[in-house]
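One-letter residues, chain by chain:
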Amino acid sequence: MNGFHRKGQDLYCEDVSLAHLADVFGTPLYVYSLGFLQEQYEAFDSAFAGIPHEVCFAMKANSSLAILNELALMGCGADIVSGGELYRALAASMDPKKIVYSGVGKTSQEMSEAIDAGILMFNIESFSELIALDAVAGRLGKKAGISLRVNPDVDPQTHPYIATGLATSKFGIKYDAVIEGYERAGRLPNIDVVGVDCHIGSQLSSLAPFVEAATKLTDMLTLLREKGFDIKYLDLGGGLGITYDDEDPPTAAAYGLTLTDLMKDKGITLILEPGRSLVGNAGVLLSRVLYTKKGTDKRFVIVDAGMNDLLRPSLYDAFHRIEEVKQNQREPEIVDVVGPICESGDFLARGRKMNALVAGDLLATMSAGAYGFSMASNYNSRPAAAEVLVQGKKYAQIRTRQTYEDLVRGERPAVF
Ligand code: LLP
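Residues numbered from 1 in each chain as written. Predicted model: local features only at pLDDT ≥ 70, side-chain atom pairs only at ≥ 80, totals over all residues. Heavy atoms only, no water.

It is worth spelling out the overall build of the protein at this point. The number of helices and strands found in the protein is 12 helices and 21 strands. Scaling as 2.2 N^0.38, a compact globule of 416 residues should have a C-alpha radius of gyration of about 22 Å, and the protein matches this with 23 Å. By residue count, 54% of the 416 residues in the protein fall in the buried class. Residue pairs at least 24 apart in sequence account for 70% of intrachain contacts in the protein once pairs closer than 6 positions are excluded. (Helix = DSSP H or I, 4+ residues; strand = E, 2+ residues; numbered from the N terminus. Rg over C-alpha atoms; globule rule 2.2 N^0.38 Å. Buried < 20%, exposed > 50% of the residue type's maximum accessible area, 1.4 Å probe, protein only. Contact = heavy atoms within 4.5 Å.)

Pasting the structure below:
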C-alpha cells in the first residue's frame, strides 16, 4: 500500500484528504496510515517466517499508545529503554513476554518494575548494571533473564550520532570482555542467562554490516554454548533503513532471507528490534505556511511546525521530503523551510526547490513516522501537536493537541 498518494492535485493519506484533516484538527498535525503500518509489520514478520523469531518494535521510534496498540494486535512485542516505555507498552496491551529492555542506564526502580511485569529479558550493557540487576531480582525473590549486549565493533556506515556498535561508542560490552561477562553473570544467583544481543546502528542502507555483526554474534553463541550456557535468544537489534530521499535500503524480505540463512540451524529464537523501518514512512507532519520573506540571499518559508515538533533536520541535518498538500502551478524557487522557534538551527529543509509558497499553503513533511513525535519537546513553550490515525476512509484522533494548561501542569511558584 502507498500510505500517502495524490488524487489529482491533492495529497491523501489512504482515502482521507490531508487538507481535510488539517481543517478538522489544525496544524502542526501528525498523520499516520494504519494500512501502511500493518503492511510494513506483516512484510517484516513474514520475512522471518522460516525461523523462530520475535519482532520487538523499538518504541523509541514512535511510542504513541494507538500505534503500539495496533502493533500489539498484530502480535508485535516491544524493545523498551525506560520505565516510561514499559508503562506505555503495558498500557497498550503488549505481551510482557515479548518485551526486551535495552539501554545503558536502567535504574533499580525501572529494573524492579520490569521484573514485576515479567518481561522476556534485559539487554545488559555493563558489569555494574548486571550486579545491580542481580540485587534487585534478589530483593524481589525472582530471577531476571538477561543477555549481554555485545559491542561487535562493526561500522554501520551511518550518521555518527546513530552508529552504536563502534568500539568508541558508549553502548554494549567490548567483544573481548564478553565471555568473562557471561562467566560473571553465570555466578550470580538471581540472574538467568538466556540470550546474546547487539544493535549496531540505525538507518543502515546495506546488509553487509548486519551480516558482519550476526556472524560475530553466532561465533560468540558457539563459544558460550561450549562453556555450557543455554542461550535461547539471539537479539540482533534494529537498524534497517528507509527511503527518505533516494536511498535504496534492503527490503525486509532481503534482510529476512539473509539473516534466516545465517541463523536457521543455530537453535535459537531470533529477536529483532525494528523501529524506523516499521513506522518511518507511515507518518507525515502537516504544517501551514505562516509567512514568506526574502532575506539578503535566501528566501524563507515560515511554517507553524518547528524543531520542537520534528527535531531530525536540526539535530542530524536529516533530509525529509516536503510536499505541498495541494499542488500549485507557481514558479519553483529555492527556499529554506523554517519553523517559529528562536534558533537559527530551526528548519525543516534548507536550500529546497519548491513551487512558490504563500501564506495559508499546507505542507506535508514526509517520512516523519519514526523519531518524529517521539523526539518532540515543548521548547519555546509550544504545546505538543495532535496525532491522527487513518484507516481507509476513516480517521481517529489518537492524541489531542496540548493546551497551555498542559504546559504548566505540575509547576508552581516556590514555597520555601
Ligand atoms: N534497538 C536499539 C537498542 C536501539 O538503540 C535502536 C535505536 C533500535 C533498536 C531501533 O533502531 P531503528 O530500527 O529505528 O533504526 N533518533 C535517531 C535514531 C536513533 C536510534 C537509536 N536507537 C533518528 O532520528 O534517526
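Now, onward.
Phe 122, Ile 146, Leu 236 and Leu 270 are the most contacted members of the largest nonpolar core, which totals 100 residues. Per-element tally for this core: the top contributor is helix H8 (residues 208-226), with seven residues. Counting only domains with at least three residues in this core, you end up with domain 1 (4-32 + 281-408) and domain 2 (34-279). Excluding residues within four positions of it along the chain, Leu 236 makes contact with Cys 198, His 199, Ala 214, Leu 217, Leu 259, Met 263, Leu 270, Ile 271 and Leu 272. In this structure, Phe 4, Val 284, Val 325 and Met 366 belong to the second largest nonpolar core, which totals 19 residues. (Core = buried A, V, L, I, M, F, W, Y, C linked by side-chain atoms within 4.5 Å. Domains from an automatic or database assignment.)

What follows concerns the packing of helix H4 (residues 83-91) against helix H5 (residues 108-117). It is at 9 Å that the axes of H4 and H5 come closest, and there the two elements cross at 25°. With respect to H5, the axis of H4 lies roughly parallel. The handedness of the crossing between H4 and H5 is left-handed. Residues Gly 83, Leu 86 and Leu 90 of H4 pack against Glu 110, Glu 113, Ala 114 and Ala 117 of H5. Each residue belonging to the contact of H4 with H5 can be placed in one class, and the counts come to four nonpolar, one polar and two charged. (Axes fitted to C-alpha atoms, helices over the stretch in contact; angles between N-to-C directions. Parallel < 35°, antiparallel > 145°, perpendicular 65-115°, else oblique. Left-handed = near helix turned anticlockwise from the far one by under 90°. Nonpolar A, V, L, I, M, F, W, Y, C, P; charged D, E, K, R; others polar.)

Turning our attention to the domain arrangement of the protein. On domain assignment, one finds that the protein holds domain 1 (4-32 + 281-408) and domain 2 (34-279). Taken over C-alpha atoms, the centre of domain 1 sits 32 Å from the centre of domain 2. Between domain 1 and domain 2, the contact holds 23 residues from the first and 24 residues from the second. Together, the buried faces of domain 1 and domain 2 total about 2,000 Å²; carbon and sulfur atoms form 55% of this surface. It is Asn 281, Tyr 316 and Tyr 371 in domain 1 that bury the most area against domain 2; as a group they hold 30% of the surface buried on that side. Between the two partners, domain 1 and domain 2, sit zero salt bridges. The tally of links from domain 1 across to domain 2 stands at 13 residue pairs in polar contact (both at pLDDT 80 or more). Breaking the side of domain 1 that touches domain 2 down by element, the ones donating at least two residues are helix H11 (312-316), strand S20 (386-391) and strand S21 (394-399). No other element matches S20, which puts four residues into the side of domain 1 that touches domain 2. Taken together, the residues that form the side of domain 1 that touches domain 2 break down as 10 nonpolar, eight polar and five charged. (Buried area = accessible area lost by both parts, 1.4 Å probe. Salt bridge = Lys/Arg side-chain N within 4 Å of Asp/Glu carboxyl O. Polar contact = N/O pair within 3.5 Å; in protein donor to acceptor, adjacent residues only side chain to side chain.)

Of note, the bond from Thr 27 into Pro 28 is cis; its omega dihedral lies within 30 degrees of zero at -5°. Mapping Pro 28 onto the fold places it in the loop between helix H1 (18-25) and strand S4 (29-33). Despite not being glycine, Asp 153 has its phi angle at roughly 50°, a positive value. By the element assignment, Asp 153 lies in the loop between strand S9 (144-151) and strand S10 (173-174). A relative accessible area of 43% means that Asp 153 is categorised as partly exposed.

With that out of the way, let us pick up the sheet that holds strand S3 (residues 16-17). Adjacent strands of a sheet form backbone hydrogen bonds with each other and so pair up, either parallel or antiparallel. Judged by pairing direction, the sheet is antiparallel, and its three strands sit side by side in the order S1-S2-S3 without closing on themselves. Every other strand in the sheet has two partners, leaving strand S1 (4-7) and S3 as the edge strands with one partner each. By the bridge criterion, four bridges tie S1 to strand S2 (residues 10-13) in an arrangement that is antiparallel. The partner of Arg 6 across the bridge, within S2, is Leu 11. (Pairing = 2+ DSSP bridges.)

Moving on, we get to the pattern of salt bridges. One pass over the full model with this rule turns up 21 salt bridges. Linking Asp 265 and Lys 266 is a salt bridge whose minimum nitrogen-to-oxygen distance equals 3.7 Å. Residue Asp 265 is classed as exposed on the basis of its relative accessible area, which comes to 63%. It is possible to trace a salt-bridge network through shared partners that takes in Arg 6, Arg 321 and Glu 323.

Time to look at the site of the ligand. Around the ligand, 19 residues are found, and the nearest of them are Ser 202, Glu 273, Arg 312, Tyr 316 and Tyr 371. At a separation of 2.6 Å, an oxygen atom of the ligand approaches a polar side-chain atom of Arg 312. When the ligand is considered free in solution it has 590 Å² of accessible area, and contact with the protein chains removes 92% of it. One can see that the ligand is located within the largest pocket. Residue composition of the shell around the ligand, by class: six nonpolar, seven polar and six charged. (Near = heavy atom within 4 Å. Areas by Shrake-Rupley, 256 points an atom, 1.4 Å probe, with all protein chains shown as cover. 1 Å grid on protein atoms, 1.4 Å probe; cavity = no way out; pocket = protein on both sides within 12 Å on 5 of 7 lines; lining within 4 Å. Sits in = over half its atoms within 2 Å of the grid points.)

Moving on, we get to the pairing of S20. The buried fraction of S20 amounts to five of the six residues, a majority that puts the element mostly inside the structure. As defined by bridge partners, S4 adjoins S20 across five bridges and the pair is classed as parallel. Looking at S20, one finds that Tyr 30 is bridged to Glu 387. Two strands pair when backbone bridges link them, and S20 and S21 are joined in this way by five bridges, in the antiparallel orientation. Bridge assignment links Val 390 to a residue of S21, and that residue is Tyr 395. Hairpin connection between S20 and S21: a loop of two residues separates the two successive antiparallel strands, and Gly 392 in this loop has a positive phi of roughly 60°.

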